Amino acid sequence: MNDNLLAIKLRINAVKSIKKITNAMKLISSSRYSKIKNLFDSNLEYLNSMSLAMKLCLKYASFDENNLPTCLKKNSSNKNLYIIVSSNLGLCGSYIHEIEKTLISQIENKTDIDAIFIGEKSYKHLKDRFNKSYSEYIELLDNLSFDNVNKFRHELDAIYRKENYANIFIVYTKYINSMTTKCVVEKLLPLEINLDDKIETQPNFEISPANEADLIIPHYLDAIIYNDLLQASLSEQTNRKNSMENSTTSANKLLYELNLNYNKARQAKITQEITEVISSSKKNSYI
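Now for a look at the structure at hand. (Residues numbered from 1 in each chain as written. Predicted model: local features only at pLDDT ≥ 70, side-chain atom pairs only at ≥ 80, totals over all residues. Heavy atoms only, no water.)

A word on the nonpolar core. If you look at the biggest cluster of nonpolar residues, it comprises 61 residues, and the most contacted ones within it are Ile83, Val85, Phe130, Leu156, Ile168 and Leu191. Broken down by secondary-structure element, the contributors of at least two residues to this core are helix 1 (3-60), strand 1 (80-85), helix 2 (95-107), strand 2 (113-118), helix 4 (146-163), strand 4 (167-175), strand 5 (181-189) and helix 5 (209-286). For this core, the element with the most residues is helix 5, which contributes 13 residues. In this structure, valine 85 is in contact with Tyr95, Ile99, Ile118, Leu141, Ile170, Val171, Tyr172, Leu229 and Ala232, ignoring residues within four places of it in sequence. In this structure, Leu5, Ile8, Leu255 and Leu258 belong to the second largest nonpolar core, which totals 9 residues. (Core = buried A, V, L, I, M, F, W, Y, C linked by side-chain atoms within 4.5 Å. Buried < 20%, exposed > 50% of the residue type's maximum accessible area, 1.4 Å probe, protein only. Helix = DSSP H or I, 4+ residues; strand = E, 2+ residues; numbered from the N terminus. Contact = heavy atoms within 4.5 Å.)

Structure below.
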């Protein structure tokens, strides 16, 4: 086998190995996508119910300045905190790049900002851009559950009170459909709630509307954060699934071209050898 045939053969074997990896990753991402999608759909119903209950309470609640829930309090500060939700893994196309590009456009020329990182990739790339970087919840997406989100929200409340942040923003990738995702920046704290004017009938409260709201609002914030993290995780699997599917398709096309070139080179080699044999036979006959 000459050098050209050997080089093509080695490349064919390499592409086959890569194709096995991309195809396996596509199958894994598809399985995770289905699991997370079910959780996302279920939580969406819960989030809508919590939102309605909270708006009912707030419509009829009256708070004093001293007893506002932490989620509604506004701090007099110039400091802002960003929660950056990325990934611990690669092989997901432009997913990480889009998050970092969106964030950098938001924080450009700003100095008094801190960050909480959920996901190791962006932490490695962006931690030096902030005055203070929290990394305690970097693995949260790997152990995503409502209980863990509840613990995270309690920690977020404590940080919000302690550091006196004016605003807390969350940067995550919103899930649109199985082919499309979009990185967004949304304000998380203080909560800004648009009351529904269509609510006309006052419900019967067992306790005062203010006390009801004080109990419901933290759970509503849990549902929001959980929904955002589910969307981020779902978007990550969507991007990885699509990226691996495109890579597998490209590998198949490349294998077709390489096999075609290999067969052409092999046929040319065989033809050359036959020609040499015939030429040698003719020479011997003349002798």
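As defined by bridge partners, strand 4 adjoins strand 5 across 8 bridges and the pair is classed as antiparallel. Directly across from phenylalanine 169, in strand 5, lies its bridge partner lysine 187. Between strand 4 and strand 5, which follow one another and run antiparallel, lie 5 residues. (Pairing = 2+ DSSP bridges.)

Helix length check: helix 2, at 13 residues, gives a terminal C-alpha distance of 19 Å against a target of 18 Å (1.5 Å per residue), a fit within 8%. Considered for burial, the residues of helix 2 that qualify are Tyr95, Ile96, Ile99, Glu100, Thr102, Leu103 and Ile107. One face of helix 2 carries all of its buried residues, which in axial projection span an arc of 165 degrees. Of the residues flanking the end of helix 2, it is asparagine 109, one or two places downstream, whose phi is positive at about 70 degrees. (Expected span 1.5 Å × (residues − 1). Arc of directions from axis to C-beta.)

This part covers a nonpolar patch on the surface. Where nonpolar side chains cluster on the molecular surface, the patch consists of Ile270, Ile274 and Ile278 and spans about 240 Å² of accessible area. Mapped onto the secondary structure, isoleucine 274 falls in helix 5. (Patch = residues over 30% accessible without salt bridge, like charges linked within 9 Å, V, L, I, M, F, W, Y side chains within 5 Å. Areas by Shrake-Rupley, 256 points an atom, 1.4 Å probe, with all protein chains shown as cover. Salt bridge = Lys/Arg side-chain N within 4 Å of Asp/Glu carboxyl O.)

Our focus in this paragraph is the pairing of strand 1. For a regular strand, side chains alternate in direction, first toward one face of the sheet and then toward the other. Along strand 1, 6 of the 6 residues are buried, which leaves the element largely enclosed by surrounding structure. Every second residue of strand 1 is oriented toward a common face, with Asn80, Tyr82 and Ile84 on one face and Leu81, Ile83 and Val85 on the other, all of them buried. One ladder, built from 6 bridges, connects strand 1 with strand 2; its direction is parallel. Residue pairing for strand 2: tyrosine 82 is matched across the bridge by alanine 115. The parallel pair strand 1 and strand 2 is bridged by helix 2, and the resulting crossover is right-handed. (Right-handed = clockwise from strand over helix to strand, strands pointing away.)

Moving on to the pattern of salt bridges. Per the stated rule, a full pass over the model turns up 7 salt bridges. The salt bridge involving lysine 124 is made with glutamate 120; its shortest N-O contact spans 3.4 Å. On the criterion of helical spacing, the pair formed by lysine 124 and glutamate 120 is a turn pair, its members being 4 residues apart in helix 3 (residues 120-126). What makes glutamate 120 partly exposed here is its relative accessible area of 30%. For arginine 240, the salt bridge goes to glutamate 236, with nearest N and O atoms at 3.0 Å. Of this pair, arginine 240 and glutamate 236 both sit in helix 5, 4 residues apart, roughly one helical turn. Residue class for arginine 240 comes out buried when judged on its relative accessible area of 1%. On the basis of relative accessible area, glutamate 236 is assigned to the buried category, the value being 7%. Within this structure, Arg153, Asp157 and Asp222 form a network of salt bridges that share partners.

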